[in-house]
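# Descriptive structure summary
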Amino acid sequence: LNLLHGTFEIGDWQGWGNYPDHIFENPEMKKKIKSWGSKLAYHFQRGTIGFQEYDQRFKALALSAIKEEPLECVAVWFKRLPRLWYQNYIQMYVYREPSSIWFIFYFIFSTLALILMKKEVRIYCVPIFLLFIYMNLVYLPFHIEPRYSVTMYPGLCFLTAIGLWLSFTKLSERVRLMKSS
């Protein structure tokens, strides 16, 4: 089900079991898929083996959609990818999620850290960079939410701290040079 949502969802999340009309060939197909969703939820909530049958149906439907229109699916994946790192809306809550502001802050100073740090030190940050790439690739084809990226935030905060320190150091040096001139 998650993979199926990943083939069409861009930022118009309507909730599980709510699908846009344009992904179906006809209304009967939409009705059938919604029925599968209800049965999948039933078996999932009870922990029965019946879950597997409906999960396989959704998987086959998703793989079929990917095979039929691979370029469109890849385009959808990349349009949706920023949602892994920040989300500036949550329709079910009154207040907007603040994660987008923090992610932008972290991203700017993490990037500054990678630019400003010495080459011999940068090599020690490669695992964090590789984890960032890995997280993006793993979640690319699925319905994604910012909470999936939580495991990456300690590394991002680490780079942010380095970026803040290096930025402050560079700025302090420039101020000192300007005063001495």
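Structure first, text after, so check above.
The shown structure was predicted, so the numbers you read here are calculated from the model rather than taken from an experiment.

Conventions used here
- Residues numbered from 1 in each chain as written.
- Predicted model: local features only at pLDDT ≥ 70, side-chain atom pairs only at ≥ 80, totals over all residues.
- Heavy atoms only, no water.
- Axes fitted to C-alpha atoms, helices over the stretch in contact; angles between N-to-C directions.
- Helix = DSSP H or I, 4+ residues; strand = E, 2+ residues; numbered from the N terminus.
- Left-handed = near helix turned anticlockwise from the far one by under 90°.
- Contact = heavy atoms within 4.5 Å.
- Nonpolar A, V, L, I, M, F, W, Y, C, P; charged D, E, K, R; others polar.
- Salt bridge = Lys/Arg side-chain N within 4 Å of Asp/Glu carboxyl O.
- Buried < 20%, exposed > 50% of the residue type's maximum accessible area, 1.4 Å probe, protein only.
- Patch = residues over 30% accessible without salt bridge, like charges linked within 9 Å, V, L, I, M, F, W, Y side chains within 5 Å.
- Areas by Shrake-Rupley, 256 points an atom, 1.4 Å probe, with all protein chains shown as cover.
- Phe/Tyr/Trp six-rings, centres within 6.5 Å; stacked < 30°, edge-to-face > 60°.
- Polar contact = N/O pair within 3.5 Å; in protein donor to acceptor, adjacent residues only side chain to side chain.

## Focus: the packing of helix 2 (residues 27–46) against helix 3 (residues 50–68)
With their axes 8 Å apart at the nearest point, helix 2 and helix 3 run at an angle of 145° to one another. Pair helix 2 / helix 3 crosses with left-handed handedness. Listed contacts from helix 3 to Met29, Ile33, Trp36, Gly37, Lys39, Leu40, His43 and Phe44 of helix 2 are Gly50, Phe51, Tyr54, Asp55, Arg57, Phe58 and Leu61. The residue inventory of the contact of helix 2 with helix 3, partitioned by class, reads 9 nonpolar, 3 polar and 3 charged.

## Side note on the pattern of salt bridges
Tallied over the entire structure, the rule returns 1 salt bridge. The partner of Arg57 in a salt bridge is Glu53, and the shortest N-O contact between them spans 2.5 Å. With Arg57 and Glu53 both in helix 3 and 4 residues apart, this pair spans about one turn of that helix. Arg57 gets classed as partly exposed once you look at its relative accessible area, which sits at 30%. Residue classification places Glu53 among the partly exposed residues on the basis of a relative accessible area of 40%.

## Points about a nonpolar patch on the surface
A contiguous nonpolar surface patch, about 790 Å² in accessible area, is contributed by Val121, Ile123, Tyr124, Val126, Phe129, Leu130, Ile133 and Leu137. The element best represented in the nonpolar patch is helix 7 (residues 126–139), accounting for 5 residues. Along the polypeptide, Tyr124 turns up in the loop between helix 6 (119–122) and helix 7.

## Some remarks on the environment of Ile104
Considering the arrangement of structural elements, one finds Ile104 in helix 5 (residues 99–116). Spatially, the C-alpha atoms of Ile104 and Trp85 are 9.1 Å apart, while their sequence positions differ by 19 residues.

## Looking at the packing of aromatic side chains
Enumeration over the complete set of coordinates arrives at 6 aromatic pairs. Between the aromatic rings of Tyr106 and Tyr153, the centroid separation amounts to 5.7 Å while the plane-to-plane angle is 65°, which identifies the pairing as edge-to-face. Taken together, the residues Tyr106 in helix 5 and Tyr153 in helix 8 (residues 153–180) connect sequence positions 47 residues apart. Its relative accessible area of 17% is what places Tyr106 among the buried residues. Each member of the aromatic cluster is reached from another via a ring pair, and the members are Phe105, Tyr106, Phe109 and Tyr153.

## With respect to the environment of Ala161
Among the secondary structure elements, Ala161 is positioned in helix 8. Under the relative-accessibility criterion, Ala161 is labelled partly exposed at 45%. Distance from Ala161 to Tyr106, taken between C-alpha atoms, is 8.8 Å for residues 55 residues apart in sequence.

## Remarks on the side chain of Thr7
Looking at the secondary structure, you find Thr7 in helix 1 (residues 2–8). Taking relative accessible area as the criterion, Thr7 reaches 9% and is therefore assigned buried. Within the structure, Thr7 has its side chain in polar contact with the backbone oxygen of Leu4 (distance 2.6 Å). Filtering out sequence-adjacent residues up to four positions away, Thr7 remains in contact with Ala62, Ala65, Ile66, Cys73, Val76, Trp77 and Pro141.

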